[in-house]
Amino acid sequence: MEVELLEATANPEEVICSAARNDYMSAFVGDQSFEEVMATVEGETLDDRKETLIGHLLKQGHFGPFEHAQATFAVKGISRSCMAQITRHRHASFDIQSMRYVSFDDVDPEAVAEGEMVVTPPSANDPNWVGRNQKGGAVDEETVEKREEIFRRSVKRSVEDYQELLDLGMPPEDARFVLPIGTEVNMVFSVNARMLMHIADMRAAADAQWEIREMTEEILDLAGEWCPITFEYYESEMKNRKNRLAP
Ligand SMILES: Cc1cc2nc3c(=O)[nH]c(=O)nc-3n(C[C@H](O)[C@H](O)[C@H](O)COP(=O)(O)OP(=O)(O)OC[C@H]3O[C@@H](n4cnc5c(N)ncnc54)[C@H](O)[C@@H]3O)c2cc1C
């Protein structure tokens, strides 16, 4: 999996602060410099004032201003299972690589067995991995070797069958039905800072599946560079709170 920040609102925290100050000022924010907009907020420097205001908004649950800061991420090589989970979030926008138009006719099934094209879950080859809803705990080496053998055999077989169906003239949009749910897909998605916190509440949580959790953590790292005060506050003060719902 690889996650990149493609594009994002420049100066997102100035936008968030300006939007919030708009709510409580008689003057028009459009006529003023950012320094003027922030003049009455507590703090020595402009950065201090941004920190004060953003912390106050997040603490009070005034989340609307965070919808004005938007970011677009490109994600490479997640499973279609992970894609199905993230696309349940209705306030984000998605573009998903199509299996109707991108066929895997030239992929070597042996390479698929070695981990290309299909995401290998850690439980397929790590004896110490304990997943959610797993009966029992860690397993012995022999069991995990057997798991890995079955997993690799199965994904290889499904790609061989897929390619044979293509050779028999079946359109890729129908032949893909035999491919595994672990088949890799690339995705571009756009989201605002408020929605990203909500997604992180649900998907960076311990009860989320390992893959979407890993993706969300990578996105949060990038968001921390893009919108630092907001996501620093989120990580330190909000992420593990109870009663998380739609910040
Ligand atoms: C650990 C885990 C397991 C899950 N298991 C399953 C499962 O087995 N089966 C399954 O189907 N789904 C499952 N989901 C998906 C989950 O039920 C949600 O559909 C998904 O996470 C989208 O989140 P959301 O409901 O907050 O909506 P989002 O689309 O992220 O919307 C954000 C918020 O906007 C508001 N909102 C959006 N649309 C509406 C609306 N139409 N009406 C009212 N309020 C709205 C809500 O407050 C919502 O929380 C699982 C999610 C997690 C994290």
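Described below are features of the structure shown in this document.

Right, let's get into the pairing of strand E4 (residues 184–192). Where strand E2 (residues 70–79) meets E4, eight bridges bridge the pair, whose relative direction is antiparallel. Counted as the bridge partner of Val75 is Met187 from E4.

Before going further, it helps to examine the site of the ligand. Inspection of the region around the ligand gives ten residues, with Arg88, His89, Arg90, Met195 and His198 positioned closest. Note that an oxygen atom of the ligand is positioned 2.7 Å from one of the side-chain N or O atoms of His89. His198 places a polar side-chain atom, nitrogen or oxygen, 2.6 Å from an oxygen atom of the ligand. Isolated, the ligand exposes 930 Å² of accessible area, and the fraction of that covered by the protein chains is 52%. Along the lines of polarity and charge, the residues of the shell around the ligand split into three nonpolar, three polar and four charged.

One pass over the structure, following the stated rule, counts eight salt bridges. A salt bridge links Lys50 to Asp47, with the nearest nitrogen and oxygen atoms 3.6 Å apart. Taken together, the positions of Lys50 and Asp47, both in helix H3 (residues 46–60) and three residues apart, correspond to about one turn of that helix. Assessed through its relative accessible area of 13%, Lys50 is described here as buried. Of the residues examined, Asp47 reaches a relative accessible area of 48% and is grouped as partly exposed. Where Lys156 meets Glu110, a salt bridge forms, and the shortest distance between an N and an O atom there is 3.2 Å. Here Glu110 lies in helix H5 (residues 109–113) and Lys156 lies in helix H6 (residues 141–167), a separation of 46 residues in the sequence. Look at Lys156 and you get partly exposed, because its relative accessible area is 24%. Overlapping salt bridges bring together Glu110, Lys156 and Glu160 as one network.

This part covers a negative patch on the surface. A contiguous patch of negative charge, built from Glu44, Asp48, Glu51, Glu232 and Glu237, is present on the exposed surface. For the negative patch, the elements supplying multiple residues, two or more each, are H3 and helix H10 (228–238). The topology assignment puts Glu232 in helix H10.

Let us now look at the side chain of Arg152. Among the secondary structure elements, Arg152 is positioned in helix H6. Its relative accessible area of 16% is what places Arg152 among the buried residues. Not counting residues within four places of it along the chain, the set of residues in contact with Arg152 comprises Ala113, Glu114, Gly115, Thr120 and Asn125.

Applying the stated criterion across every chain, the model contains four aromatic pairs. Relative to Phe189, the ring of Phe94 has its centre 5.5 Å away and its plane inclined at 10°; by these criteria the two rings are stacked. With Phe94 in strand E3 (residues 93–96) and Phe189 in strand E4, this pair connects stretches of sequence that are 95 residues apart. Residue classification places Phe189 among the buried positions, given a relative accessible area of 1%.

Procedures and definitions
Residues numbered from 1 in each chain as written. Predicted model: local features only at pLDDT ≥ 70, side-chain atom pairs only at ≥ 80, totals over all residues. Heavy atoms only, no water. Pairing = 2+ DSSP bridges. Helix = DSSP H or I, 4+ residues; strand = E, 2+ residues; numbered from the N terminus. Near = heavy atom within 4 Å. Polar contact = N/O pair within 3.5 Å; in protein donor to acceptor, adjacent residues only side chain to side chain. Areas by Shrake-Rupley, 256 points an atom, 1.4 Å probe, with all protein chains shown as cover. Nonpolar A, V, L, I, M, F, W, Y, C, P; charged D, E, K, R; others polar. Salt bridge = Lys/Arg side-chain N within 4 Å of Asp/Glu carboxyl O. Buried < 20%, exposed > 50% of the residue type's maximum accessible area, 1.4 Å probe, protein only. Patch = residues over 30% accessible without salt bridge, like charges linked within 9 Å, V, L, I, M, F, W, Y side chains within 5 Å. Lys, Arg positive; Asp, Glu negative; His and termini not counted. Charge placed at Lys NZ, Arg CZ, Asp CG, Glu CD. Contact = heavy atoms within 4.5 Å. Phe/Tyr/Trp six-rings, centres within 6.5 Å; stacked < 30°, edge-to-face > 60°.

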